[in-house]
Amino acid sequence: MDLLTPDIGLLFWQLVVFLLLFFLLSRFAWKPITQSLKEREHDIQSALDMAEKTRVEMAKLQADNQKLLAEARAERDAILRGAKETADRVVSEAQNRATEEGKRIIEKAREELQSERQAMVAEVKREVIDLSLSIAEKVLRKELSDKKSQEELVKSLVADSRLN
């Protein structure tokens, strides 16, 4: 049982060695260890603060990016709307010009057709008149070949002219 109950001298020397070890550790080791622990704690805290700051900045950048994307989309939509309106206006103007040009061409064709018709009618009238005169001349020459028929014709024309 001697092994289970230590002797007073052993306890004394254990206490002396423990106190000496405690003094040496507190004098030379614990200050640097506690200082390095504090530095490590400070480094970890600064890293956590930096991570939080970076997270906040990333959230801000994402919000800014979303805002820029929304603005870009709105601007794109406005540009597309303006381009569509311009295209519609140009197409409408082109259709109007084409319609007006078509009407003008049709009216010009009608006028030309009318003038050609009048010219043809005048030409036909001239030809009919020429033909009628030619026929009348031939008929009169044949009928008025003698002197008596010429005198009768002149008398009848004079009588007709007095009646009118």
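Throughout what follows, the structure given in this document is the object of discussion.

Rules behind the numbers
- Sequence positions are assigned chain by chain, starting from 1 and proceeding in written order.
- Reporting in this predicted model follows two pLDDT cut-offs: at least 70 for local features of residues, and 80 or more for side-chain atom pairs to be given and counted; totals over whole chains, interfaces and linings ignore these cut-offs and use all residues.
- Derived side-chain values reflect all non-hydrogen atoms in the structure, with water molecules and hydrogen atoms excluded from consideration.
- For this analysis, a salt bridge means a side-chain nitrogen from Lys or Arg found within 4 Å of a carboxyl oxygen belonging to Asp or Glu.
- Going along the chain from the N terminus, every DSSP run of H or I of four or more residues is numbered as a helix, and every run of E of two or more is numbered as a strand.
- Planes of paired rings set the category: under 30 degrees apart is stacked, over 60 is edge-to-face and the rest tilted, where pairs are Phe, Tyr or Trp rings (Trp by its six-membered ring) whose centres lie within 6.5 Å.
- A 1.4 Å probe rolled over the protein chains alone gives each residue an accessible area, and that area as a share of the maximum for its type sets the label: buried under 20%, exposed over 50%, partly exposed in between.

1. Description of the pattern of salt bridges
Counted by the stated rule, this structure contains six salt bridges. One salt bridge in this structure joins Arg55 and Glu52, with 2.5 Å as the shortest N-O distance. Pair noted here: Arg55 and Glu52 are both in helix α1 (residues 8-143), with a separation of three residues, about one helical turn.

2. Observations concerning the packing of aromatic side chains
All chains considered together, the criterion is met by three aromatic pairs. With 5.4 Å between their ring centres and 70° between their planes, Phe12 and Trp13 make a pair best called edge-to-face. Using a relative accessible area of 48% as the deciding quantity, one classes Phe12 as partly exposed. Every member of this aromatic cluster is reached through a ring pair, and the members are Phe18, Phe22 and Trp30.

Just geometry here; none of it tells us what the structure is for.
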